[in-house]
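# Structural overview
Listed here are the chains, written in short residue letters.
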Amino acid sequence: MSSHRRLWQIHPPEKTRNARLPRVLVIGAGMAGLVAARILHDSGFPVIVLEARNRPGGRIWTDTSTGIPCDLGATWIHGLKNNPLKLWCDRIGVRYAIWPRRDPLFYEHKRIVGAFNQLLIELGQKAFKGSIKALGIIARLHGRHLIGLNGDTPLSTIFAQIQRGNNLPEHLRRFIYWCKGIVEAIEGGPLQNISLREWNPLEYCQKSAIIPQGMSILIDDALNDLQIEYNQVVKRIFYGSGGVRVETNKETWEGEVALITVPLGVLQRHTITFDPPLPMEKIKAIETIGYGNGFVLDKIVIRFQKRFWTQNGDRMGWLPDCEANRGKFSFWIDHDPAGIEPVLGGYASSDWAARADVEKSDDEMCHASWETLNEMFGPGVPKPENYVISRWLQDPYARGAYSYGSLKSTKHHREILAEPVINRLYFAGEACHPTHYGTVHGALETGEKAAQKIHNDFCGCNTVIATMPWHM
Ligand SMILES: Cc1cc2nc3c(=O)[nH]c(=O)nc-3n(C[C@H](O)[C@H](O)[C@H](O)COP(=O)(O)OP(=O)(O)OC[C@H]3O[C@@H](n4cnc5c(N)ncnc54)[C@H](O)[C@@H]3O)c2cc1C
């Protein structure tokens, strides 16, 4: 990685050398907060970042306790075309690998049951009528929108059509459970709450990449010499024409502007009090956009003594035995495509994961994942050597995985969420992005946009440049 100090500027500093730029308090050191903080700082604004955890990155969290870097939060750069994360990696010389390379393979008792595309084609043939009906529902809904009509339906409707009245063979019934679990994991919510109107299955076909060193390498690059105050849990924010005052569990901070980048789930829990209260329209947006609601995506990373699987660097699936187990570690990735390190990552999703996140101990979670591996590769899968687990739902600074398009939310709600309040409070974070919500690049873009808004409102310097690594 290139180490020379680059400035991320939106205006040349000589233009504002004598101007008094406002002090910005950035709340949250995730991707959105750090990007905004770094741009404002490098453009001459005094900036302090207040972060509740003892580490930066938020929902980007690369862990190395199993011997190699593994991400417990964001893992993939989704969609490489014009993705600022990819351009950033290119610019600073961070290596990424196009990944996945192949379809996921499904295993049972050491036997490959089939590959994803093969099972999908088989399902399309066996559940032909239901699949055509499901496609009809999608086409009608998008047709209505093209001519300006409203209307929506939950994503679960599609699966209900495919499942209805079919006497499917057992492996295909189980394949449907798996598909339901994986769609919930990707979208970030329960199928019955997810908007079909906002669903874009074409995104599933885009090329993605993984950073072998872990996603945190980008967080490290953003940090540079920012002033970050860790273990500062923001409790109360006072704002008015004179500026802002932010009270944390430890002390009080003053500034002219606050940029709030905490996850939507934190705002929904009202653990931060705004004084005066936020405008009604913003409160409505916070409540309407989907987040959590009995759902989470969690991950376990396990180190074994030796590798007992053969496909290097692949994704591997387990066809759940019943609908309720669709999120029970039914998706695994081999963390070492080189086929050397014995490290696997398993995903838990859906309501199974939401219950396990709060009810099961670490050992119970690990045992549940090991049970699944035994169904796939056993009997006799060795016991884990060590492991690490995420608990995004219990996490008071995340309260879930990421936001999703609910049946009641639209792009408009996300725009309202991102709107400043009397030019004192600014907002950024993945949930503020109108289309790329739930992603790291979406969070990055909202951070950049918020920095630009603050710059426009306070700087008075018209010359705008963009020296962020993804623009160079
Ligand atoms: C399991 C999982 C897998 C994912 N996989 C991918 C993926 O493969 N690709 C992808 O693009 N995206 C993925 N995502 C989503 C991605 O991680 C997020 O969209 C993105 O990181 C959000 O960045 P952010 O800055 O908006 O929020 P965050 O990263 O959550 O940052 C907000 C910060 O605010 C802090 N905070 C919270 N409350 C307070 C408080 N009261 N006071 C002070 N600070 C506070 C938090 O600690 C945090 O550091 C995944 C997420 C999860 C959970």
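The coordinates are above.
The text that follows walks through the structure, step by step, so that each part is easy to find. If you're wondering where the values come from, they're calculated on a predicted model, not measured in any experiment.

Pairing is possible between side chains that carry opposite charge, provided their charged atoms lie close to one another. One pass over the structure, following the stated rule, counts 20 salt bridges. Residue Lys86 is joined to Asp90 by a salt bridge in which the shortest nitrogen-to-oxygen separation is 2.9 Å. Linking Lys86 with Asp90, this pair stays in helix H2 (residues 84-92), spanning 4 residues, or about one helical turn. Among the salt bridges present, the one from Arg391 reaches Asp362, with a minimum N-O distance of 2.6 Å. Of this pair, Arg391 sits in the loop between strand E21 (386-389) and strand E22 (403-404) while Asp362 sits in helix H11 (residues 362-377), and the two are 29 residues apart along the sequence.

In this structure, Val24, Met31, Trp88, Leu218 and Leu259 are the most contacted members of the largest nonpolar core, which totals 50 residues. If you list the elements that add at least two residues to this core, you get strand E1 (24-27), helix H1 (31-42), strand E2 (47-50), H2, helix H7 (216-223), strand E14 (257-260) and helix H13 (440-458). No other element matches the 8 residues that H1 contributes to this core. Ignoring anything within four residues of it in the chain, the contact list for Met31 reads Gly57, Ile60, Leu85, Trp88, Leu218, Ile219, Val440, Ala443 and Leu444. Grouped together as the second largest cluster of nonpolar side chains are 37 residues, Trp76, Ile162, Leu319 and Ala401 included.

Moving on to unusual backbone geometry. Cis peptide bonds are those with omega within 30 degrees of zero, and the linkage from Asp275 to Pro276 qualifies with 0°. With respect to the helices and strands, the residue Pro276 is situated in the loop between strand E15 (273-275) and helix H9 (280-288). Cis rather than trans, the peptide bond between Gly378 and Pro379 has omega equal to 5°. Positionally, Pro379 belongs in the loop between H11 and E21. Here the phi dihedral of Asn224 falls at roughly 40°; this positive angle occurs in a residue that is not glycine. Residue position: Asn224 is located in the loop between H7 and strand E10 (228-229). Of note, the phi angle at Phe329 is positive, near 45°, even though the residue is not glycine. Examined against the element boundaries, Phe329 turns out to sit in the loop between strand E18 (315-317) and strand E19 (331-334). Owing to a relative accessible area of 1%, Phe329 belongs among the buried residues under this scheme.

Turning our attention to the environment of Gly114. Position of Gly114 relative to the elements: it lies in strand E8 (residues 111-115). Its relative accessible area of 4% is what places Gly114 among the buried residues. Sequence separation between Gly114 and Gly79 is 35 residues; the distance between their C-alpha atoms is 26 Å. Leave out the neighbours within four places in its chain, and Gly114 touches Pro104, Leu105 and Phe106.

On to the sheet that holds strand E6 (residues 97-98). Taken together, the 3 strands give an open sheet; going across it, the order is E5-E9-E6, and neighbouring strands pair in antiparallel fashion. Pairing within the sheet leaves two strands with one partner each, and these edge strands are strand E5 (76-78) and E6.

With that out of the way, let us pick up the packing of helix H3 (residues 116-126) against helix H6 (residues 170-187). Contact geometry of H3 with H6 gives a least axis separation of 10 Å together with a crossing angle of 115°. Taken together, the axes of H3 and H6 lie roughly perpendicular to each other. Relative to H6, H3 is oriented so that their crossing is left-handed. Contacts between H3 and H6 involve Phe116, Leu119, Leu120, Glu122, Leu123 and Lys126 from the first element and His171, Leu172, Phe175, Ile176, Trp178 and Cys179 from the second. The residue inventory of the contact of H3 with H6, partitioned by class, reads 9 nonpolar, 1 polar and 2 charged.

Residues in contact with the ligand amount to 39 residues; listed here are only the nearest, Glu51, Arg53, Arg59, Trp76 and Val440. One nitrogen or oxygen atom from the side chain of Arg53 is found 2.9 Å from an oxygen atom belonging to the ligand. Here Thr75 contributes a backbone N or O atom positioned 3.0 Å from an oxygen atom of the ligand. The fraction of the free accessible surface of the ligand (1000 Å²) that becomes covered by protein chains is 98%. Of all the secondary-structure elements, those providing two or more residues to the shell around the ligand are H1, E5 and H13.

Procedures and definitions
- Residues numbered from 1 in each chain as written.
- Predicted model: local features only at pLDDT ≥ 70, side-chain atom pairs only at ≥ 80, totals over all residues.
- Heavy atoms only, no water.
- Salt bridge = Lys/Arg side-chain N within 4 Å of Asp/Glu carboxyl O.
- Helix = DSSP H or I, 4+ residues; strand = E, 2+ residues; numbered from the N terminus.
- Core = buried A, V, L, I, M, F, W, Y, C linked by side-chain atoms within 4.5 Å.
- Buried < 20%, exposed > 50% of the residue type's maximum accessible area, 1.4 Å probe, protein only.
- Contact = heavy atoms within 4.5 Å.
- Pairing = 2+ DSSP bridges.
- Axes fitted to C-alpha atoms, helices over the stretch in contact; angles between N-to-C directions.
- Parallel < 35°, antiparallel > 145°, perpendicular 65-115°, else oblique.
- Left-handed = near helix turned anticlockwise from the far one by under 90°.
- Nonpolar A, V, L, I, M, F, W, Y, C, P; charged D, E, K, R; others polar.
- Near = heavy atom within 4 Å.
- Polar contact = N/O pair within 3.5 Å; in protein donor to acceptor, adjacent residues only side chain to side chain.
- Areas by Shrake-Rupley, 256 points an atom, 1.4 Å probe, with all protein chains shown as cover.

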